[in-house]
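# Analysis of the macromolecular model
Letter by letter, the chains look like this.
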Amino acid sequence: MIRSQIIGTGHFLPEKVLTNKDLEQFVDTTDEWIVQRTGIQQRHMANDGEGASDLGAPAALRAIASAGLTPEDIDLILCCTMSPDYLFPSTACLIQSKIGASRAAAMDVNAACSGFLYGLSVANAHIQSGQYKTALVIGSERVTNILNWERRDTAVLFGDGAGAVVLRAAEGDRGILSMFLGADGTQGNLLIREGGGSKYPITPENYASGLRDIIMKGQDLFRRAVVVFGGAVQKALEQNGMTSDDLDVFIPHQANVRIIMAAAERVGLPEEKVYLNINRTANTTSASIPIALDQACAEGRIREGSIVLVASFGAGLTWGSSIIRW
Ligand code: UT7
């Protein structure tokens, strides 16, 4: 059986760091509130003039190098992002040009914070169908550029960053073992940014009326997230006939420590198997899982043969999970 094996990982976090204490200087918030409610201590922030493609390109190059390949070896590029450089052309095309992957097809995938799981699934399907052999899946977000710093309910939650993986068709039992995706469009208003698209284009009136802002119904989203994210984790185990004992590490989307630990508890997964980096990166939406995968590999938490569970939830609503034998 042909499987998609992850043969390379990479990530890129901008140098500039904004701690909660830094935020206290210009947002009506406290370090204590942010840490207690979310687990976030700091976030990275890109430089002026940088977009998602500027973070995604170095992450992609690192993943390709770690796979022992060159950009010319890549057949397909998927960039998962909800903060693309432009509405079009796609950020994937911009990255293709920046890294010189001239043979690759390229497109964006937008499933907000679940983007990476959706992208992984699309790449996996292309590989299993035999259409492509080598795919690059990037999660890249320049979210701090679309935040309204006067809205403390969202300003403190997000950070910039990018992560990438290289998938390759391979025989054997290593690779993606299962994929599960879900969506509930009726709950789209729980987390939404209406302005800047075709319905509410950028006009002075729309800008002034707050349509450019990310609007989040935090508590409602929290409650839904605990249900659908926990459900996605459980589903992944069921699909593989596994229990939490079979897992080596759980790499969750990093939105809130409390949501992550509720999902882990639901399936009886001990804390030491849960990989957390939210304290260092905040919520980097579709980049959070590939960043964490690369960091977990570098730290020896993921090794050849490890059974890795990844799961996410986000705006849409969207959610998903996958079990990978590394
Ligand atoms: O990536 C996927 C998408 N994101 C999520 O899934 C996020 C899901 N939601 C959450 O993680 C949580 O709802 C938050 C962390 C966003 C908020 O935590 P909460 O415990 O639900 O707080 P809350 O919204 O109920 O607000 C509690 C209080 C309010 O004050 P009052 O009305 O009790 O006086 C807020 O005004 O905290 C206040 N507040 C803040 N205070 C200091 C809201 N934001 C802040 C802030 N700093 N940044």
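Our subject is the structure listed above.
Now for a description of the structure that goes with this document.

Rules behind the numbers
Residues numbered from 1 in each chain as written. Predicted model: local features only at pLDDT ≥ 70, side-chain atom pairs only at ≥ 80, totals over all residues. Heavy atoms only, no water. Pairing = 2+ DSSP bridges. Helix = DSSP H or I, 4+ residues; strand = E, 2+ residues; numbered from the N terminus. Axes fitted to C-alpha atoms, helices over the stretch in contact; angles between N-to-C directions. Contact = heavy atoms within 4.5 Å. Buried < 20%, exposed > 50% of the residue type's maximum accessible area, 1.4 Å probe, protein only. Salt bridge = Lys/Arg side-chain N within 4 Å of Asp/Glu carboxyl O. Phe/Tyr/Trp six-rings, centres within 6.5 Å; stacked < 30°, edge-to-face > 60°. Near = heavy atom within 4 Å. Polar contact = N/O pair within 3.5 Å; in protein donor to acceptor, adjacent residues only side chain to side chain. Areas by Shrake-Rupley, 256 points an atom, 1.4 Å probe, with all protein chains shown as cover. 1 Å grid on protein atoms, 1.4 Å probe; cavity = no way out; pocket = protein on both sides within 12 Å on 5 of 7 lines; lining within 4 Å. Sits in = over half its atoms within 2 Å of the grid points. Nonpolar A, V, L, I, M, F, W, Y, C, P; charged D, E, K, R; others polar.

On to the sheet that holds strand β11 (residues 249-252). Within a sheet, neighbouring strands are paired by backbone hydrogen bonds and run either parallel or antiparallel to one another. Spatial strand order, β8-β13-β12-β11: four strands in an open sheet with mixed pairing. Looking at strand neighbours, the two that pair on one side only are β8 (175-183) and β11, the edges of this open sheet. Going across the sheet, the axis of each strand differs from the next one's by a mean of 15 degrees, ignoring polarity. Of the strand pairs in this sheet, β8 and strand β13 (residues 318-325) are connected by eight bridges, and their pairing is antiparallel. Across the sheet, M179 pairs through a bridge with S322, a residue of β13. Against the sheet, helix α5 (residues 115-129) engages β8, β12 (307-314) and β13, with an angle of about 125 degrees to β8.

What follows covers the environment of A164. With respect to the element layout, A164 can be found in strand β7 (residues 161-171). Using a relative accessible area of 0% as the deciding quantity, one classes A164 as buried. Spatially, the C-alpha atoms of A164 and L78 are 9.7 Å apart, while their sequence positions differ by 86 residues. Apart from the residues lying within four places of it in its own chain, the contact partners of A164 are G8, T9, G10, A59, A60, A63, L136, V137, I138 and P290.

The next thing to look at is the environment of C113. Among the secondary structure elements, C113 is positioned in the loop between β5 (105-109) and α5. Owing to a relative accessible area of 6%, C113 belongs among the buried residues under this scheme. Setting aside residues no more than four positions away along its own chain, C113 makes contact with H253, N283, T285, S286, S312, F313, G314 and A315.

A cis amide bond, omega 0 degrees, links F88 with the succeeding residue P89. Tracing the sequence through the fold places P89 in the loop between β4 (76-80) and α4 (91-99). A positive phi angle, near 60 degrees, is found at A282, a position not held by glycine. Following the sequence through the fold, A282 ends up in the loop between α10 (278-281) and α11 (288-298). For T285, which is not glycine, the phi dihedral falls at a positive 45 degrees. Residue position: T285 is located in the loop between α10 and α11.

Turning next to the pattern of salt bridges. Tallied over the full model, the rule gives twelve salt bridges. D28 is the salt-bridge partner of R152, the closest N and O atoms lying 3.5 Å from each other. Within this pair, whereas R152 is found in helix α6 (residues 152-155), its partner D28 is found in the loop between α1 (20-24) and α2 (31-38), the two being separated by 124 residues in sequence. Judged by relative accessible area, D28 falls into the exposed class, the value being 59%. For the salt bridge of R142 with D160, the shortest nitrogen-to-oxygen distance reads 3.3 Å.

The next point concerns the packing of aromatic side chains. Throughout the structure, instances matching the rule amount to three aromatic pairs. An aromatic cluster is present here, built from F229, F250 and F313 joined pairwise through their rings.

Near the ligand, the surroundings consist of 22 residues, among which T29, Q219, H253, N256 and N283 are the closest. The separation between an oxygen atom of the ligand and a polar side-chain atom of H253 is 2.9 Å. At 2.7 Å, a side-chain N or O of N283 approaches an oxygen atom of the ligand. Protein chains bury 74% of the 950 Å² of accessible surface belonging to the ligand in isolation. One can see that the ligand is located within the second largest pocket. Residue contributions to the shell around the ligand peak at four residues, all from helix α8 (residues 218-239). Residue classes in the shell around the ligand are distributed as ten nonpolar, seven polar and five charged.

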